[in-house]
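Here's the letter readout for the chains.
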Amino acid sequence: MRILVLHGPNLNLLGRREPELYGLVDLATIDAMLQRAGQRLGIAVDCVQSNHEGQLIDAIQSAIGRCDGIVINPGGLSHSSVSLRDALAAGPPALEVHLSNIHAREPFRQRSLTAGACLGGVYGLGAAGYVLALEGLVARLRDAGKA
Ligand code: CA2
């Protein structure tokens, strides 16, 4: 099994600013946590970050037939991107992650356009949420008969 982890705009800044919202863990550490979890689960994990909507859409399209699922934190694009939602709807099964609890934040963050194209989501658990999302997605895929 191969899972693509996609990090959207500004997530490359993690750990350097706004730690009260997003924690002190940087993106390289989150990716290392995901690689360790992947080894434990016996799966391959590819991690990609982009600040560009089109590159995220390209990555989702490239995952079709190559990856069994996607864990995605679309960042601020969650709240605005119909195109990213359309790409997710056409791609492998996805789980959405947000470090913060978007439902407890400003009204404009409480709506996620992308969540409706995902199997489910993990919100407000910080960096650990990525690992929980990976475990949950793998469990769903294995239940559905994937290796
Ligand atoms: O809680 C999340 O994971 C978010 O996806 C983070 C996004 C935000 O726009 C979403 O509403 C919720 C922001 C990405 C991180 O942005 C940073 C900006 C400055 C310093 C550190 C991170």
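Residues numbered from 1 in each chain as written. Predicted model: local features only at pLDDT ≥ 70, side-chain atom pairs only at ≥ 80, totals over all residues. Heavy atoms only, no water.

Student: Honestly, the overall build of the protein chain in this entry has me stumped. Any pointers?
Tutor: For the protein chain, the count of helices and strands is five helices and five strands. Start at the N end of the protein chain and walk to the C end: the helices and strands fall as β-α-α-β-α-β-α-β-β-α. Expressed as a percentage of its 147 residues, the buried residues of the protein chain come to 46%. Sequence separation of at least 24 residues holds for 77% of the intrachain contacts in the protein chain that already meet a minimum separation of 6. Positive and negative charge centroids in the protein chain, built from 13 and 13 side chains respectively, lie 3 Å apart. (Helix = DSSP H or I, 4+ residues; strand = E, 2+ residues; numbered from the N terminus. Buried < 20%, exposed > 50% of the residue type's maximum accessible area, 1.4 Å probe, protein only. Contact = heavy atoms within 4.5 Å. Lys, Arg positive; Asp, Glu negative; His and termini not counted. Charge placed at Lys NZ, Arg CZ, Asp CG, Glu CD.)

Student: Looking at this structure, how should I read the state of the cysteines?
Tutor: A covalent bond bridging the sulfur atoms of two cysteines is what the word disulfide describes. Tallying each qualifying case throughout the model produces zero disulfides. No disulfide involves Cys47; its sulfur sits 11 Å from the nearest other cysteine sulfur, which is in Cys67. In this model Cys118 remains outside any disulfide bridge; the closest cysteine sulfur is found in Cys67, 15 Å from its own. (Disulfide = S-S within 2.5 Å.)

Student: How do you make sense of the site of the ligand when you look at a structure like this?
Tutor: Taken together, 16 residues lie around the ligand, and His79, His98, Leu99, Ser100 and Arg109 are the ones closest in. The backbone of Gly76 places a nitrogen or oxygen atom 3.3 Å from an oxygen atom of the ligand. Between the ligand and Ser100 there is a distance of 2.5 Å, counted from an oxygen atom to a side-chain nitrogen or oxygen. In the complex, 94% of the free accessible area of the ligand, which totals 510 Å², lies under the protein chains. Taken together, the residues that form the shell around the ligand break down as six nonpolar, seven polar and three charged. (Near = heavy atom within 4 Å. Polar contact = N/O pair within 3.5 Å; in protein donor to acceptor, adjacent residues only side chain to side chain. Areas by Shrake-Rupley, 256 points an atom, 1.4 Å probe, with all protein chains shown as cover. Nonpolar A, V, L, I, M, F, W, Y, C, P; charged D, E, K, R; others polar.)

Student: Before we go on, may I ask you to explain the side chain of Arg109 in this structure?
Tutor: In this fold, Arg109 is placed in the loop between β4 (94–98) and β5 (120–123). At a separation of 2.8 Å, a polar atom in the side chain of Arg109 contacts the side chain of Glu106. With residues near it in sequence (within four places) discarded, Arg109 still touches Tyr22, His79 and Ile102.

Student: Looking at this model, I keep getting lost on the pattern of salt bridges. Mind explaining?
Tutor: If the charged atoms of two oppositely charged side chains come close together, the side chains can form a pair. Evaluated as defined, the whole model comprises five salt bridges. Notably, a salt bridge pairs Glu135 with Arg40, separated by 2.9 Å at the nearest N-O pair. With a gap of 95 residues between them, Glu135 in helix α5 (residues 128–143) and Arg40 in helix α2 (residues 27–41) connect regions that are remote in the sequence. Given a relative accessible area of 26%, Glu135 falls into the partly exposed group. Arg66 is the salt-bridge partner of Asp46, the closest N and O atoms lying 3.4 Å from each other. Here the residue Asp46 occupies a position in strand β2 (residues 44–49), and Arg66 occupies one in the loop between α3 (53–63) and β3 (69–73), the gap between them amounting to 20 residues. Residue classification places Arg66 among the partly exposed residues on the basis of a relative accessible area of 43%. (Salt bridge = Lys/Arg side-chain N within 4 Å of Asp/Glu carboxyl O.)

Student: Can you walk me through α3 in this structure?
Tutor: Side chains three or four residues apart in an α-helix point the same way, a direct result of the helix having 3.6 residues per turn. Among the residues of α3, Leu56, Ile57, Ala59, Ile60 and Ala63 are the ones counted as buried. All buried residues of α3 lie within an arc of 160° about the axis, which places them on one face of the element. As for α3, its buried residues are in contact with β1 (2–7), β3 and α4 (82–90). Phi for Gly65, located one or two positions after α3, is positive at around 85°. (Arc of directions from axis to C-beta.)

Don't take any of this as a statement about function, it's just geometry.
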